[in-house]
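# Structural overview
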Amino acid sequence: MKRISQWAIAIVLLLTTVLPVQAAEYPYEETEEVFLHVMESHLSKPAAKQLVKGALEVVSEQAKLKKQLQFEVSEEDDTWDELELRLAEWQKKGGFDTQTMNTWAIDGMISTLNDPHSVFFTQDELRLFQSDVENQFVGFGFRLRLQNDHIIIREIVPNSPAAASSLQRGDQLIKVNETSLVGKTFEEAYAYLKGNEGTEAVLTVYRPSDKREHQVKLKRAFMTLPEAEGQMFTKGAVGYISLETFGSEGAIQVRDKLADLSRVQKPLSGLVLDLRDNGGGYLATARDIASLFMEEGLLMYTTNRNGVEVETWVRNGQDIGIPVRILVNGGTASASELLSGALRDHSIAKLVGTKTFGKGSAQQVIPLSDGDALKLTLNEYFTPKHTVVNHVGLQPDMVVEDYGAQVVEALHSLNVRTWELSDAEGDTVINGIPFPTVDPLFKQMPQGLQIRAAVLSHLLGDPSIGEKDYVALAPYLKKYPALKLQTKNGVNTLTFTS
Amino acid sequence: MQKLIRTISCGLLTLSLLTPGVASAAGGLLPYNDINKHWARNAIIQGVQLGLFEAGPNVPKFYPNRDMTRAEFLVMIDRLYYGGQYQIYPLTFLSEHSEWARAEGFQEPYLPYKDVDRLTWMYKPTLRISTILDRLYGPNAIQYIFPGEMMKPNQPITNEEAAKILQMFTMSPDSKNAWEEVRSWGWLEGEKTDRVKRGDAAVAADRMVNYFLQDGIMPLLDYDGKKFPMVPDIEEVLPLFATYVDPKTTEEQIYVDAAAAIRSRNDSEETFAQLRKLADSSFPNQVGVHYLLSWNPETPLETNLDEAFLAIDAYLEDRIILPGTLGLLTANVYDIALQLGNTDQSQYQKVLDRFSVYEQKFKRNPKEWESVAVYLGALEIRGGQIDLALARYKQFADRSPEALLNTSYYYLQEGRIQEAEEVLAAMKPKASDSRMKQLDKMLRQEFASLKDQPAIISDLGYSLRQLDNADTYQVKGEAVLSGLTFSYTQDINKEKQISRISGFYQSPQKLISDKLLSYTDGKTNTQYSYDTDRQTWDKNRTDKVDFLHEWVGAVKVTDRAKELHARYYKQSYGKYDVITEWIPGSMLVEKSNKVTLGQGKVKDVPLFMNKYYIDRASDQIVKHTWRYEEIYEGDGYVAYSGTDNYDFTSNVVFSIPDDVRKGVAP
């Protein structure tokens, strides 16, 4: 019986075949490589004409911008050979260097794909992208927040240069070397702080507790931050795990956190998995993490431009056996959406928060011959129930806008009945776990203490409070006897039993 | 010209991975602080050196008297498999760990248990062992060892459970006797139900490593046509033939440097010019000088052969009996003769004639004669004088493994199995000679299996006919064809003579997979295959045989055995009978040249093996695994391997759409 041999006839390998030797110093090699990869593999199956036109349009625009040259993009140009000839012609006329021409042409081709996830990387950009996925950074080892126009150290990374110094959580950053950060935006501050591994800077901070300025000299270091963090909420037997990225250690770290939580508290009554602002990472990690929640099941369908649909299964996992709430928001993308969608379709988890990003596509990083790389979209994926994710996002089961209220709602739905909420260093602390909310929980106004409306609304289960900004707390303390406010050393703590 | 002798000794490299290092295991620091007085101490130390057991500052104790758990045992066996995989390659067809590398979308193997999770230390080793067992014995074979949906990985393992795993390293014909068989090899001791202590396991591993270092299972199976005639492995291909201590004389230094240069492949014309000067001088080590001169890649082979003989002359002149040295010098002659004979068969006889003068001189000492005779017999075989070789080898078959193997193999080739068995029956290997003892046991097993051939052929023929007679069935398969990976489902309707294949394939040159869709109409001998690039239906004839494996596939089992000299082996494990088939490449080349293949004449067939898994209750084939390598004239090369799973119960309903027949693009 003839089977697949038919396909083989065309590909019988020749033992004597010698690969053709690439002509040396071929100027547009990189552009051609990108052209071929995109033509052959990009999900959208673009036509050659589209890419050629895109490349030439960008070169033409840039030539006009840089040297006021008028290059007409011809409708006739729709093959690689024509593109190549045109590039050579324009390069000569414009006197641009080859690398510039390649960059423009590649940018032009990729821009026609209408796909923000297909990206050309230089070697340095590639390294940056990879360390991002692995949660690796070069820096001093603290995280900042902008609060009341002050840049404040929100968190100090363990084992970092900052941790080894006298810097403290809550310090206000005033100067980097001689540059003042007062009144600067977050992005500006970041630009002054970043630098190469091993370089030094003198930081000046103001410490509110002793009302003094302190100076420290720090060296920037390469750090790998944990991908997963976790702890128990102090009320109810609910665990909390947050995952920042799906790097290569993500699954093991989630596994270990889960084991830690189960050791502290047995049995757990629920778990909150925080995937907010988690932009994704490796598919393999998502699958391994899924195996910590389900014994066996479909993770996703993947399709490509050839209409091939394959299933990816989770096998040899473990049912988690407790209700799970996944916190999601507009920054929850890609692998995060994949995991959220799968766990929801299998009725393992419910999603709390806002609509997710909507990146239902998968990319592969393709190395190019000179060390640069192309991140190219090859596949689209769908959840086990064939829900489309791409450009759409996942609609949460419980839609909650406010960052703090999302946590409250998740805990509510896990039957948490006792509560303790407070502010600390600008974080909102909910049952013992601090969350980096943009706005503080409380606001002291002349007419009395105010509280984030959304948080109070979800805490009391009282939709009449609304979700906008702040409301005065006093009337609700009266209305709900179980709601109590304590103020100690200037810290307001709200307790509630429902 | 590349010296063959180098490639001959390559086999040793894989073995040396298992040979314990010279590191002073006995003296000095022990890897654990609780084994000093333990009876399994040396085996444990050896295990650490081989990487079977973790050691280091975080692992201070071995706990040799504790029960070994199932998971621990599986991890140990997984590590042991790295060293022992070549031993059972003829039965697994698994090369290195290629089976773990899969293209995206292809089904990953997984475990039939609920209590061994992916993200645990035991998962990957357990999965690997399970995959190997599946390959050897059929679907879910590990269930025969640990039945049920729980593997209970932390439960102590018993002798019998361990034996069912260890049995994969023997050519065991029946899983029912796993414990008796493993005990007869001496790997484990005690009773079936005894728990295996960690110390016992270390000792078993130690004994198995020794077993791996000997001849493999099925010593007479020559599936790639490269094994026979067999000559001894050479451990040191470029010795100095003398010991030199500092300070060396100028001549000694020149000699030692030349040998080092050749050894590290840094030799030049100058190297050999220097050696030539030594040859003309009174430098005493003329054996070494001429031996090295025979390695000159610039001189004609005839000259090298002269040098090889001159080295033997020098050996005789020294009047010291060193059978090992003489063996190497003869191996050198044999090696050059093989290169000469490559182009001109008559060279073998010429070299033999030239050697006959020498042979007389070595008759004085049996050890010397044997070390020479083993090569002379091989030359006789290459020259087509099998009877002469047999007469020669029979004389020392009870002492030399190579002589015994060559005797047995060539008797079998001549169809004289009884004489082969007589040679074996007359053997009385010494208890201390572990290699001969093992060989004796292996050969007895192999002769038994050879007698079993007609029964196996009949069983396989019956099951294959059943497959042919099935009305409808479905095949789910994965295959690798010249680098392309395929995943497909094939629906077959015998009554209507139609079949359909759907699935996808992935080219190694491409980033994404492509659709696989084709219909075959047996009545018109047409195959319609879809081309996704061009979005067209292509028509092909199916009555044309393009590849060797297609031609062999149509040959009946009885004819494969009779005409193609196929060898069969049957193993029963759990609910399956597994029949492995090997067809020698030389026969395939010879017979296939009588038919016309689309790919052209077959030039060489390095590998041709099949494995059929038959459900004993229904006699139905449930799975077929294959591995073929075919080289055609014009150097076309096809490597094809894969696994098909058969399902006779699935509801196969389809027809060939008219649009497909008309070639209408969808």
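About the criteria used
Residues numbered from 1 in each chain as written. Chains lettered and ligands numbered in written order. Predicted model: local features only at pLDDT ≥ 70, side-chain atom pairs only at ≥ 80, totals over all residues. Heavy atoms only, no water. Helix = DSSP H or I, 4+ residues; strand = E, 2+ residues; numbered from the N terminus. Rg over C-alpha atoms; globule rule 2.2 N^0.38 Å. Buried < 20%, exposed > 50% of the residue type's maximum accessible area, 1.4 Å probe, protein only. pLDDT = per-residue confidence, 0-100. Contact = heavy atoms within 4.5 Å. Pairing = 2+ DSSP bridges. Axes fitted to C-alpha atoms, helices over the stretch in contact; angles between N-to-C directions. UniProt positions renumbered as here; feature names shortened; annotations may be inferred. Parallel < 35°, antiparallel > 145°, perpendicular 65-115°, else oblique. Left-handed = near helix turned anticlockwise from the far one by under 90°. Nonpolar A, V, L, I, M, F, W, Y, C, P; charged D, E, K, R; others polar. Arc of directions from axis to C-beta. Core = buried A, V, L, I, M, F, W, Y, C linked by side-chain atoms within 4.5 Å. Phe/Tyr/Trp six-rings, centres within 6.5 Å; stacked < 30°, edge-to-face > 60°. Lys NZ or Arg CZ within 6 Å of the ring centre and 35° of its normal.

## Side note on the overall build of chain B
Counting its secondary structure elements, chain B contains 25 helices and 11 strands. For chain B, the C-alpha radius of gyration of 29 Å lies close to 26 Å, the compact-globule estimate for 666 residues. For the C-alpha atoms alone, the extent of chain B along its principal axes is close to 90 × 65 × 50 Å. Of all 666 residues assigned to chain B, the portion counted as buried reaches 54%.

## Topic: the confidence of the model for chain A
Averaged over all residues, the pLDDT of chain A equals 90, while 95% of them reach at least 70. Within the model, the stretch residues 17-21 of chain A combines pLDDT values under 50 with zero contacts to residues more than four positions away or in other chains.

## Regarding the sheet that holds strand E16 (residues 324-328) of chain A
All names here are of chain A. Spatially, E11-E12-E13-E16-E17-E20 is the arrangement adopted by the six strands of the open sheet, whose pairing is mixed. Two strands lie at the open edges of the sheet, namely strand E11 (228-232) and strand E20 (398-399), each paired on one side alone. Looking at chain direction, strand E13 (residues 270-274) and E16 are connected through four bridges and run parallel. The partner of Asp-274 across the bridge, within E16, is Leu-327. With respect to the sheet, helix H9 (residues 250-264) is in contact with E11, strand E12 (238-243) and E13, its orientation differing from that of E11 by roughly 10°.

## A closer look at the UniProt feature "domain: PDZ" (unreviewed entry) in chain A
Residues annotated in UniProt with the feature "domain: PDZ" (unreviewed entry) correspond here to residues 125-208 of chain A. Helix and strand shares over residues 125-208 of chain A are 25% and 38% respectively, and the end C-alpha atoms of the span are 39 Å apart.

## Side note on the packing of helix H14 (residues 323-343) of chain B against helix H16 (residues 366-382) of chain B
Residues and elements named next belong to chain B. The contact between H14 and H16 brings their axes to 8 Å, and the two run at 15°. The pairing of H14 with H16 is recorded here as roughly parallel in orientation. H14 and H16 meet at a crossing whose hand is right-handed. On the side of H14, the interface is formed by Pro-323, Leu-326, Gly-327, Thr-330, Ala-331, Tyr-334, Ala-337 and Leu-338, while H16 contributes Lys-367, Glu-368, Ser-371, Val-372, Tyr-375, Ala-378, Leu-379 and Arg-382. For the contact of H14 with H16, the residue count by class is 10 nonpolar, three polar and three charged.

## Considerations on helix H11 (residues 269-279) of chain B
All names here are of chain B. Looking at H11, one finds that the buried residues are Thr-271, Phe-272, Leu-275, Leu-278 and Ala-279. The arc that holds the buried residues of H11, viewed along the axis, is 110°, so those residues lie on one side. In H11, the exposed positions that point more than 90 degrees away from the buried face belong to Glu-269 and Lys-277. Those residues of H11 that are buried are in contact with helix H10 (250-263) and helix H12 (286-293).

## With respect to the nonpolar core
Residue and element names in this part refer to chain B. Residues Tyr-255, Leu-275, Tyr-291, Phe-355, Phe-362 and Leu-404 are the most contacted members of the largest nonpolar core, which totals 79 residues. Considering every element that reaches this core, the biggest residue donor is H14, with 10 residues. Setting aside chain neighbours within four positions, we find Leu-404 in contact with Ala-397, Val-423, Leu-424, Met-427, Met-436, Leu-439 and Leu-443.

## Let's talk about the environment of A:Thr377
Residue and element names in this part refer to chain A. Summarising the element assignment, Thr-377 is placed in strand E19 (residues 373-382). C-alpha separation for the pair Thr-377 and His-117, spaced 260 residues apart in sequence, amounts to 6.6 Å. Not counting chain neighbours up to four residues away, the residues in contact with Thr-377 comprise Ser-41, His-42, Leu-43, Asp-115, His-117, Ser-118, Ser-361, Ala-362 and Gln-363.

## Regarding the packing of aromatic side chains
Ring pairs (aromatic) are described by centroid distance and by the angle formed between their planes. All names here are of chain B. Evaluation of the coordinates by the stated rule reveals 42 aromatic pairs over all chains. Taking 3.8 Å as the distance between ring centres and 5° as the angle between the ring planes, the aromatic pair formed by Phe-228 and Tyr-409 counts as stacked. With a gap of 181 residues between them, Phe-228 in the loop between helix H9 (198-212) and H10 and Tyr-409 in helix H18 (residues 401-413) connect regions that are remote in the sequence. For the pair Phe-228 and Tyr-409, a shared accessibility class is recorded, and that class is buried. For the ring pair Tyr-291 and Trp-295, a centre distance of 6.1 Å and an interplane angle of 50° mean the geometry is tilted. The class of Tyr-291 is buried, set by a relative accessible area of 0%. Connected via pairs of aromatic rings, a cluster forms that spans Phe-169, Trp-185, Trp-187, Tyr-211 and Phe-212. Sitting over the ring of Tyr-63, Arg-66 keeps its end group 3.6 Å from the ring centre. When the ring centre of Phe-62 is taken as reference, the NZ or CZ atom of Arg-198 above it lies at 4.6 Å.

## What to know about the pairing of strand E6 (residues 172-176) of chain A
Residues and elements named next belong to chain A. For E6, the buried fraction is high: four of the five residues fall into the buried class. Of the strand pairs in this sheet, E6 and strand E7 (residues 179-180) are connected by two bridges, and their pairing is antiparallel. In the strand pairing of E7, Lys-175 is matched with Ser-180. The loop that links E6 with its antiparallel partner E7 comprises two residues; one of these, Asn-177, has a positive phi angle of about 50°.

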